[in-house]
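Topology and contacts: notes
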Amino acid sequence: PYNLFSPSKQWYQRRVRGEQTAVAMTKKYFKGLQGVENIYTQHKPYLIEVVQQLVQGKLKEQDFPWLGGAPIIRVNEIIVFMVGGITYEEMKAAHQWNVSNPGNKIILASTSVHNCRSFLDMVAAGQ
């Protein structure tokens, strides 16, 4: 049996607009830098955070409502379709997840694959 979920409008608004103050964001940023020599290697795509929450059963139903059936207790295969495109970094993160978590497999699909230029072109066009 397959269950389908999608982000709620409220989750999207909180994620895009943010609910944190500038002070809270700065504290979180500097807390994450402790013990890190290269700050560019610490970034983890948000896709992986959502997948981790799903696997651990911590994905909030109010943010990602189920569109069919009862919520799944154990997840083996996760199909992610990203409308608007994915980046090479997200593909790499999904691959690393698959290698390091053999019990869970991410199948990643999208409408396109973005590089820096195509992403900036899309932003400039207002899509």
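A brief report on the enclosed structure follows. Keep in mind it's a predicted model, so treat the numbers as computed, not measured.

Along helix 3 (residues 46–55), the positions that sit buried rather than exposed are Leu47, Ile48, Val50, Val51 and Leu54. Taken end-on, helix 3 shows its buried residues confined to a sector of 160°, consistent with a single buried face. In this structure, the buried side of helix 3 is in contact with strand 1 (77–82), helix 4 (88–100) and strand 3 (105–110).

Because the α-helix completes a turn every 3.6 residues, residues three or four places apart line up on one side. Over its 13 residues, helix 4 extends 18 Å from the first C-alpha to the last, a length consistent with the 18 Å expected when each residue adds 1.5 Å. Those residues of helix 4 hidden inside the fold are in contact with helix 3, strand 1, strand 2 (86–87) and strand 3.

Another point: the environment of Val80. As for its position among the elements, Val80 is in strand 1. It is 5.0 Å that separates the C-alpha atoms of Val80 and Leu108, two residues lying 28 residues apart in sequence. Beyond its immediate chain neighbours, meaning those up to four positions away, Val80 contacts Leu47, Ile106, Ile107, Leu108 and Ala109.

Attention shifts here to a nonpolar patch on the surface. On the surface, a cluster of nonpolar side chains totalling about 260 Å² of accessible area is made up of Phe119, Leu120 and Val123. Position of Leu120 among the secondary structure elements: in helix 5 (residues 116–125).

Further remarks concern the side chain of Glu90. Mapped onto the fold, Glu90 is located in helix 4. Its relative accessible area of 16% is what places Glu90 among the buried residues. Setting aside residues no more than four positions away along its own chain, Glu90 makes contact with Pro45, Leu47, Met82 and Leu108.

Each value, and the rule that gives it
Here, residues in each chain are numbered from 1, in the same order as that chain's written sequence. With pLDDT at 70 or above as the cut-off, local features in this predicted model cover only qualifying residues; side-chain atom pairs require 80 or more to be listed or tallied, and sums for whole chains, interfaces and linings still use all residues. Where side-chain values are given, they derive from all heavy atoms of the structure, hydrogens and water being excluded. Exposure categories follow from relative accessible area, calculated using a 1.4 Å probe and restricted to protein chains: below 20% of the type maximum is buried, above 50% is exposed, and the middle band is partly exposed. Every helix listed is a DSSP run of H or I at least four residues long, and every strand listed is a run of E at least two residues long, numbered separately from the N terminus. Picture the helix axis, draw a direction to every C-beta atom, and the arc is the one those directions span. Contacts between residues were defined by any pair of non-hydrogen atoms, one from each residue, lying within 4.5 Å. Multiplying 1.5 Å by the residue count of a helix minus one yields the expected span of that helix. What makes a patch is a set of residues exposed beyond 30% relative accessible area and free of salt bridges, joined within 9 Å when like-charged and within 5 Å when nonpolar (Val, Leu, Ile, Met, Phe, Trp, Tyr). The accessible surface values rely on the Shrake-Rupley method and a 1.4 Å probe; as for residues, cover is taken only from the protein chains in view. Take a side-chain nitrogen of Lys or Arg and a carboxyl oxygen of Asp or Glu: if they are within 4 Å of each other, that pair is a salt bridge.

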